[in-house]
Amino acid sequence: MAAEVTVLTAIASPRRREILRLVWDREVSAGDISRAMPDVTFGAVSLQLRALLDAGLVESRAEGQQRFYRARREAFGPIGRMLERMWDDALWRLKLAAELEQSRRGPRPGGAERRRSQRKRRAHRRK
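Described in the following lines is the structure provided in the data block. (Residues numbered from 1 in each chain as written. Predicted model: local features only at pLDDT ≥ 70, side-chain atom pairs only at ≥ 80, totals over all residues. Heavy atoms only, no water.)

Here S29 shows up in strand β1 (residues 28-29). A relative accessible area of 3% places S29 in the buried class. Taking the C-alpha atoms as reference points, S29 and F68, separated by 39 residues in sequence, lie 4.2 Å from one another. Discounting residues that sit within four places of it in the chain, S29 has contacts with R35, Q66, R67 and F68. A polar side-chain atom of S29 sits 3.0 Å from the main-chain amide nitrogen of D32. (Helix = DSSP H or I, 4+ residues; strand = E, 2+ residues; numbered from the N terminus. Buried < 20%, exposed > 50% of the residue type's maximum accessible area, 1.4 Å probe, protein only. Contact = heavy atoms within 4.5 Å. Polar contact = N/O pair within 3.5 Å; in protein donor to acceptor, adjacent residues only side chain to side chain.)

With that settled, the discussion passes to the packing of aromatic side chains. One pass over the full model with this rule turns up one aromatic pair. When the ring of W24 is compared with that of F76, the centres are 4.9 Å apart and the planes differ by 65°; the resulting orientation is edge-to-face. Here F76 lies in the loop between β3 (66-71) and α5 (78-87) and W24 lies in the loop between α2 (14-23) and β1, a separation of 52 residues in the sequence. Here W24 and F76 have matching classes, each one buried. (Phe/Tyr/Trp six-rings, centres within 6.5 Å; stacked < 30°, edge-to-face > 60°.)

A word on the pairing of β3. Relative to β3, β1 runs antiparallel, the two sharing two bridges. Bridging across to β3, V28 finds its partner in Y69. Relative to β3, strand β2 (residues 58-63) is paired through six bridges, and the arrangement is antiparallel. Its bridge partner being in β3, R61 is matched across the sheet by F68. Turn length for the β2-β3 hairpin, with the two strands adjacent in sequence and antiparallel, is two residues, and the turn residue G64 shows positive phi of about 65°. (Pairing = 2+ DSSP bridges.)

Attention shifts here to the sheet that holds β1. Judged by pairing direction, the sheet is antiparallel, and its three strands sit side by side in the order β1-β3-β2 without closing on themselves. Only two strands of the sheet have a single partner each, and these edge strands are β1 and β2. Seen against the sheet, helix α4 (residues 42-54) touches β2 and β3 and runs at an angle of roughly 120° to β2. (Axes fitted to C-alpha atoms, helices over the stretch in contact; angles between N-to-C directions.)

The structure is reproduced here in structure tokens:
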């Protein structure tokens, strides 16, 4: 029971679920994980990886300056099969994208371009 609570607590975060999806079937470097999540900093990804390590859900291997991560699928028990089914579902992928966008901090992509075009429209209307 305690193991299931630990797993559920760890996968409550959409960012951690996305990291788990990336490392579920293969070993992935921390840099590659970070590049797959361009809307957050490397430090934020590192914190999420630390939470997954502390929960015992991923394993880490150092090679020179790089760290590689892989899911410890046996640690998930029946919850692992549920995650796999979710990841195969297109509606879940849409839900995840919406959750990630909602939890995103900082300026939104395209924000500067949108502001420039709004200024141009206002200037054009004044003429």
